[in-house]
Amino acid sequence: MIREIMSNQRTDWTRAEIAAVFDLPFDELLFQAQTVHRAHHAAGQIQLCTLLSIKTGGCPEDCGYCSQSVKADSGVAATKLMDVQAVLQKAAEAADAGSRRFCMGAAWRNPKDRDMPAIVQIVQGVRAMGMETCMTLGMLTPAQADMLADAGLDYYNHNIDTSPERYNEIITTRTMDDRLDTLSEVRRAGINVCSGGIVGMGETRADRVGFIHTLATLPQHPESVPVNALVPVKGTVLGDMLADTPLAKIDDIEFVRTIAVARITMPMSMVRLSAGRESMSEATQALCFMAGANSIFTGDKLLTAANAGDDKDAALLSKLGLRPMESEEPLRACKALEAAE
Ligand code: SAM
Ligand code: DTB
Ligand code: SF4
């Protein structure tokens, strides 16, 4: 049902139209974003998600932002894939702590076929706990996408990260087209698509327009759009660049604008305020929620970087009167049906 509704979403946005949305006066932009948000999502509800690195570091890709690349001198130690039972233990703890979505990341260019049986057991085990599952494992073959779909994986995360023009300044070991190929395999296999990127990598407004344009003109919008603010990690190309030029840090209002434009152009998608909250003020996060973000990662760690932490988050949600979302699927379906009537 969700997929049928989402296929009705507008996918013919032009860059000029998206640029014009970015340019709206801030109060108008937030008003439009919140109006769109309320037509399709439950107001005041935020999905709480937990992130776990199931295989850390030693990645052969050269993504300029990432602490886990072998090219980075970040001090992140490389590990093997975690044992299935250890992952399921972490998932059970997350479920007990109220998390509704468990996202697992592996620092791979792509999974090897020998890794797949353990990955399948993990997906099945986490799903059996009643949590939504998301995995990000790098590029997939068609057969691997089918295995994940058969295991019951709910979402596959694979970010386009930035505009097509900027892509090869950030990553040289793969192309944007490689990324889009995996996304289309994920879609074909019937797994929900999670794809977004990073803001604050020294890109221009035009790059942010190109980034949103690429997502909003896919044959079907991603059901999930994570918007990360760069976490500048020492020893990575971008972390070091930003340390030398502090003024390059993304302006808070521009970050909120990006969230709002994602919400307006992809009305049905979950917009996830992902990495970077640790260094964001409460006021900026509140504006992101006003702009239509409805998901955060909780806990004190992302994959390798620090996160805001449960106590801070509980205090923020309480201060803002926001409630944890129980389940997003029925909510989105109901709202979309109401809107269609
Ligand atoms: N290796 C897999 C891949 O790249 O698809 C999965 C893991 S990777 C760490 C997942 C995403 O995290 C990246 O695509 C990027 O958007 C985001 N990310 C990584 N490092 C980040 C950082 N320092 N700041 C913000 N986002 C980051
Ligand atoms: C996404 O877009 N953000 C999450 C998730 N997908 C896997 C990852 C954020 C990673 C932040 C940096 C780190 O912890 O190393
Ligand atoms: Fe590897 Fe993913 Fe990090 Fe790129 S973002 S270096 S692919 S773990």
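None of the values given here were measured: they were computed from a predicted structure. (Residues numbered from 1 in each chain as written. Chains lettered and ligands numbered in written order. Predicted model: local features only at pLDDT ≥ 70, side-chain atom pairs only at ≥ 80, totals over all residues. Heavy atoms only, no water.)

### What to know about the pattern of salt bridges
For step 1, the next point in the chain: On inspection of all chains with the given rule, the structure shows 18 salt bridges.
For step 2, the next point in the chain: Here Arg127 and Asp154 are joined by a salt bridge, their closest N and O atoms 3.1 Å apart. Of this pair, Arg127 sits in helix 5 (residues 116-128) while Asp154 sits in the loop between helix 6 (142-151) and strand 4 (155-157), and the two are 27 residues apart along the sequence.
For step 3, the next point in the chain: A relative accessible area of 40% places Arg127 in the partly exposed class.
For step 4, the next point in the chain: For Lys319, the salt bridge is made with Glu282, and the minimal N-O distance between the two is 2.6 Å. (Salt bridge = Lys/Arg side-chain N within 4 Å of Asp/Glu carboxyl O. Helix = DSSP H or I, 4+ residues; strand = E, 2+ residues; numbered from the N terminus. Buried < 20%, exposed > 50% of the residue type's maximum accessible area, 1.4 Å probe, protein only.)

### Structural notes on the environment of Asp311
For step 1, the next point in the chain: Tracing the chain through its elements places Asp311 in helix 13 (residues 310-320).
For step 2, the next point in the chain: A residue is classified by how much of its surface remains accessible, and Asp311, at 68% relative accessible area, is exposed.
For step 3, the next point in the chain: When the C-alpha positions of Asp311 and Asp300 are compared, they lie 9.2 Å apart, and in sequence the two are 11 residues distant.

### A few points about the pairing of strand 2 (residues 101-106)
For step 1, the next point in the chain: Of all 6 residues in strand 2, 6 are buried, a share of seventy percent or more.
For step 2, the next point in the chain: Here strand 2 shows two buried faces, one formed by Arg101, Cys103 and Gly105 and the other by Phe102, Met104 and Ala106.
For step 3, the next point in the chain: Where strand 1 (residues 45-55) lies against strand 2, 6 bridges are found, and the strand directions are parallel. Directly across from Thr50, in strand 2, lies its bridge partner Phe102. (Pairing = 2+ DSSP bridges.)

### Focus on the site of ligand 2
For step 1, the next point in the chain: Within the structure, ligand 2 sits among 13 residues, and Asn159, Asn228, Leu303, Thr304 and Ala305 are positioned closest to it.
For step 2, the next point in the chain: Residue Asn159 places a side-chain N or O atom 2.8 Å away from an oxygen atom belonging to ligand 2.
For step 3, the next point in the chain: Between an oxygen atom of ligand 2 and a main-chain N or O atom of Ala305, the distance comes to 2.9 Å.
For step 4, the next point in the chain: Within the complex, 85% of the 410 Å² of free accessible area of ligand 2 lies under protein. (Near = heavy atom within 4 Å. Polar contact = N/O pair within 3.5 Å; in protein donor to acceptor, adjacent residues only side chain to side chain. Areas by Shrake-Rupley, 256 points an atom, 1.4 Å probe, with all protein chains shown as cover.)

### Focus: the packing of helix 9 (residues 205-216) against helix 11 (residues 252-265)
For step 1, the next point in the chain: Across the interface, helix 9 lies against helix 11 with an axial gap of 10 Å and an inter-helix angle of 25°. On the basis of the axis angle, helix 9 is roughly parallel to helix 11. Between helix 9 and helix 11 lies a crossing of right-handed hand. Here helix 9 contributes Arg205, Arg208, Ile212 and Ala216 to the contact with helix 11, which in turn contributes Glu254, Arg257, Thr258, Val261, Ala262 and Thr265.
For step 2, the next point in the chain: Its residues placed into classes, the contact of helix 9 with helix 11 shows 4 nonpolar, 2 polar and 4 charged. (Axes fitted to C-alpha atoms, helices over the stretch in contact; angles between N-to-C directions. Parallel < 35°, antiparallel > 145°, perpendicular 65-115°, else oblique. Left-handed = near helix turned anticlockwise from the far one by under 90°. Contact = heavy atoms within 4.5 Å. Nonpolar A, V, L, I, M, F, W, Y, C, P; charged D, E, K, R; others polar.)

### Regarding helix 12 (residues 282-290)
For step 1, the next point in the chain: Among all positions of helix 12, only Thr284, Gln285, Cys288 and Phe289 are buried. Seen end-on, helix 12 carries its buried residues on one side only, within an arc spanning 145°.
For step 2, the next point in the chain: Those residues of helix 12 that are buried are in contact with helix 3 (26-40), strand 1, helix 11, strand 8 (270-273), strand 9 (295-297) and helix 13.
For step 3, the next point in the chain: Two residues or fewer after helix 12 comes Gly292, characterised by a positive phi angle close to 115°. (Arc of directions from axis to C-beta.)

### Quick look at the packing of aromatic side chains
For step 1, the next point in the chain: Going through the model one piece at a time under the given rule, you end up with 0 aromatic pairs.
For step 2, the next point in the chain: Across from the ring centre of Tyr155, 4.4 Å away, lies the NZ or CZ of Arg101, which sits over that ring.
For step 3, the next point in the chain: Cation over ring: Arg272 sits above Tyr155, and NZ or CZ is 5.7 Å from the ring centre. (Phe/Tyr/Trp six-rings, centres within 6.5 Å; stacked < 30°, edge-to-face > 60°. Lys NZ or Arg CZ within 6 Å of the ring centre and 35° of its normal.)

### Remarks on the nonpolar core
For step 1, the next point in the chain: Judged by nonpolar contacts, the single largest core of 83 residues is most densely connected at Met135 and Phe255.
For step 2, the next point in the chain: A per-element tally of this core places helix 11 first, with 7 residues.
For step 3, the next point in the chain: Among all residues touching Met135, those that are not within four sequence positions of it are Ile54, Met104, Ile119, Ile122, Val123, Leu153, Tyr155, Tyr156 and Asn157.
For step 4, the next point in the chain: If you look at the next biggest cluster of nonpolar residues, it comprises 10 residues, including Leu51, Tyr155, Cys194 and Ala275. (Core = buried A, V, L, I, M, F, W, Y, C linked by side-chain atoms within 4.5 Å.)

### Overview of the confidence of the model for the protein chain
For step 1, the next point in the chain: Residue-level pLDDT values for the protein chain average 93, and 93% of them are 70 or greater.
For step 2, the next point in the chain: Overall, residues 1-7 carries pLDDT values under 50, and its contacts beyond four positions in sequence, including any with other chains, amount to 21 contacts. (pLDDT = per-residue confidence, 0-100.)

### Let's talk about the environment of Cys194
For step 1, the next point in the chain: Looking at where Cys194 falls in the secondary structure, it is placed in strand 5 (residues 192-194).
For step 2, the next point in the chain: The exposure class of Cys194 is buried, given its relative accessible area of 3%.
For step 3, the next point in the chain: With 77 residues separating them in the primary sequence, Cys194 and Val271 have C-alpha atoms 9.7 Å apart.
For step 4, the next point in the chain: Residues within four places of Cys194 in sequence aside, it is in contact with Arg101, Cys134, Tyr155, Tyr156, Asn157, His158, Asn159, Ser224 and Pro226.

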